[in-house]
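Each chain, written out:
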Amino acid sequence: MSLENEDSTAPAAPSDFIRDIVAAHVAKQKYPRIHTRFPPEPNGYLHIGHAKSICLNFGIAREFGGICNLRMDDTNPAKEDIEYVESIQADVNWLISAWADDQLGLKAKGMSPETLAEDGKRDFYLPAATQADREQRQGENFEPFYASDYFDQIYDYAEELIEKGKAFVCDLTPDQTDEYRRNGLESPFRNRTAEENLDLFQRMKAGEFADGIRTLRAKIDASAPNIWLRDPLLYRIKHVEHHQTGKKWCIYPMYDFAHCLSDYIEGITHSICTLEFEVHRPLYDWILESLALPRPLPHQYEFARLALGYTVLSKRKLMQLVDEHLVTGWDDPRMPTICGIRRRGVTAQALRNFAYNIGITKYNGITDVSVLEFAIREDLNKRSQRRLAVLRPIKIVITNFPEGKVEELDATNNPEDETAGKRKVPFSRELYIERDDFAEVPPPKFFRLKPGGEVRLKYAYIIKCEEVVKDASGNLMELRCTADLDSKMGGATSARKVKGTIHWVSAAHAVDAEVRLYDRLFTVAEPDADGDFKKHLNPHSLEVITAKCEPCLKGATVAERYQFERLAYFALDLDAQPGKLVFNRTITLKDAWAKEAQKK
RNA sequence: UGCCCGAUGGUGUAACGGUAGCACAGCAGACUCUGAAUCUGUUUGUCUAGGUUCAAAUCCUAGUCGGGCAACCA
């Protein structure tokens, strides 16, 4: 199964309270078309929590024939960077590829909102170019939307609010503003005239004042029970260059002011965000309703953000892991970032299935990592090429197999997919097997190789361990075995049952590979429960070993996924080079034996 | 403290006044040239107290517990 093709066994479209709302709107034909958006701030890398949101927003667009805009919510240039803009685009494209490309809304590069007049009212609108539009308009370049695309329009809206007496310029210091708002007191500057406010606001824009000297505030209700209605800030002065607009602006709109207006300008119908914005919703509505906007208004809906066991998902903490070199970078395969997960070998399909499986609610729970792990295994089981590789080798010699003889044995590439075909694996007198597959003193229920015992070599012969060779200090050197030479596929005794089957690699043909064995980054389910997540870093989250691989793995590619039989799923890392194989262990196979052995 | 939101097995979710279901995890078994996968079976749940109703996980009231907000961050 190709990585690019969509998995036809993906779960049916889910149902949740937000989709129920959208479905009701579709039934009532409330909007001509459903339009969502994914609006990250480019101040960090996207992680699996964002993946949940991406799957929700693009999923809704997919299921209801709508569009989902990708928008950079870039209203705070002090914290944002073009590096993040680029990584966000790459991660979103990867996650929705071959799934929701058709729903991705972009804009023609450099395009600003059109100024329209509707019902005699001024209106700003920036339509999305869908995949179909983009195909028609070849030669044009397309890019994500940016909140900063609308700075002119947002500024206009601010002036409109001032003219309507719904906003004022405030001279209180940040500390004073806090105190007044906390105590529900009106700013002494609250009742300036529209003319004075307009003049001051224009001078703020012109750069007459230093940072923090003045703000533009909404005039709502200084003593409202909801703090976000206590004359919230709309604009602040920041003499900072912006990664998109350069030096054009020294005042920047706050999130609350910019976000609802960006949604409106893009024609968003359903503005879906996480629970912490719930208390902002009245402000979102107030701003839009205070302006005379001719088109249907967007509405905000909130859902619970993802919390995952054994993981931290806050940008600040992830940034700390990177900055303090506790991981190798944002795309370290141990990171819960989308790029880290991708590098580790997880497919976009697996991530999407996970997002579907966990559902959407307003309940703040912690999802067990086993749900993620299941989605990864389920996906990889279906698509992985099976290969033989030995992680911790011990040598065995088949004493009744002629020296120098090489047999090419048939091996199944993927038992879950007949079209994957077969390959040849070389067999010879000297082999490597896994250290764990031999026990001199076998524990109970040990089905593998033991002195005098028999085991099947996968795709090859049944062998019997005749002799354990040790060096002077008692270290295990090699095993000398005999093979039942009639027991291979098609042979006279091929149907003989032995309890265990183990993997192996021909010593002379083995290819070395660097193998990175990843484990969870933290040792406890809630790393930040005591406020000191770094204390719980797993010292064994990465182990690097050299494995012995069957020769066909020389041709491994980054696009392919592999299962080293009986061990785990692996993906070629981007550190691999011609002649140097590097594999990441994406996830182990389930291991019932490990569980059994632990019971003792 | 004020305001807002939430609560269904171990975990995540469904049931929209009428049989508490699904997934993961767990356990037991079957099958197996992967101790994987697959298949079968199975343990475990409506926060508490009142009320409305023939009937409440669902509606109402109060409480308990949990989360969020109270940045010139988003």
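Residues numbered from 1 in each chain as written. Chains lettered and ligands numbered in written order. Predicted model: local features only at pLDDT ≥ 70, side-chain atom pairs only at ≥ 80, totals over all residues. Heavy atoms only, no water.

Let us look at the overall build of chain A. Scanning chain A for helices and strands turns up 14 helices and 30 strands. Each principal axis of the C-alpha distribution contributes one length, and for chain A these read about 100 × 50 × 40 Å. Here chain A, with 600 residues, has 53% of them falling under the buried criterion. At a minimum sequence separation of 6, the contacts of chain A that also span at least 24 residues come to 72%. Entry remark: accessible area of chain A is about 26,300 Å², with carbon and sulfur atoms responsible for 48%. Each charge sign in chain A was given a centre, from 82 positive and 93 negative side chains, and these centres are 5 Å apart. (Helix = DSSP H or I, 4+ residues; strand = E, 2+ residues; numbered from the N terminus. Buried < 20%, exposed > 50% of the residue type's maximum accessible area, 1.4 Å probe, protein only. Contact = heavy atoms within 4.5 Å. Areas by Shrake-Rupley, 256 points an atom, 1.4 Å probe, with all protein chains shown as cover. Lys, Arg positive; Asp, Glu negative; His and termini not counted. Charge placed at Lys NZ, Arg CZ, Asp CG, Glu CD.)

So, about the protein's contact with RNA strand B. With respect to spatial proximity, 66 residues lie near RNA strand B, and among them Trp 228, Arg 386, Arg 448, Arg 566 and Lys 595 are the closest. Here, RNA strand B places atoms within 4 Å of the protein, and 70% of those atoms are sugar or phosphate. In this structure, a phosphate oxygen belonging to RNA strand B sits 2.7 Å away from a side-chain N or O atom of Thr 75. Here a sugar or linking oxygen of RNA strand B and a side-chain polar atom of Lys 458 are 3.3 Å apart. Broken down by secondary-structure element, the contributors of at least two residues to the surface near RNA strand B are helix 6 (174–182), strand 11 (233–237), helix 13 (369–383) and helix 14 (592–598). Here the surface near RNA strand B gets 4 residues from one element, more than from any other, and that element is helix 13. When grouped by side-chain class, the residues that make up the surface near RNA strand B number 25 nonpolar, 15 polar and 26 charged. (Near = heavy atom within 4 Å. Polar contact = N/O pair within 3.5 Å; in protein donor to acceptor, adjacent residues only side chain to side chain. Nonpolar A, V, L, I, M, F, W, Y, C, P; charged D, E, K, R; others polar.)

Attention shifts here to helix 3 (residues 82–96). Between its terminal C-alpha atoms helix 3 stretches 21 Å, which fits the 21 Å expected from 15 residues at 1.5 Å a residue. Here helix 3 has its buried residues at Tyr 84, Val 85, Ser 87, Ile 88, Asp 91, Val 92, Trp 94, Leu 95 and Ile 96. Downstream of helix 3 by one or two residues, Ala 98 has phi in the positive range, about 65°. (Expected span 1.5 Å × (residues − 1).)

Time to look at the packing of helix 8 (residues 255–266) against helix 9 (residues 281–290). Following both chains from N to C, one finds helix 8 and helix 9 inclined at 60°, their axes separated by 9 Å at the closest point. Comparing the axis directions of helix 8 and helix 9 gives the class oblique. Judged by the sense of rotation from one axis to the other, the crossing of helix 8 with helix 9 is right-handed. Facing helix 8, whose interface residues are Asp 256, Phe 257, His 259, Cys 260, Leu 261, Asp 263 and Tyr 264, helix 9 presents Leu 283, Tyr 284, Ile 287 and Leu 288. Here the contact of helix 8 with helix 9 is composed, by residue class, of 8 nonpolar, 1 polar and 2 charged. (Axes fitted to C-alpha atoms, helices over the stretch in contact; angles between N-to-C directions. Parallel < 35°, antiparallel > 145°, perpendicular 65-115°, else oblique. Left-handed = near helix turned anticlockwise from the far one by under 90°.)

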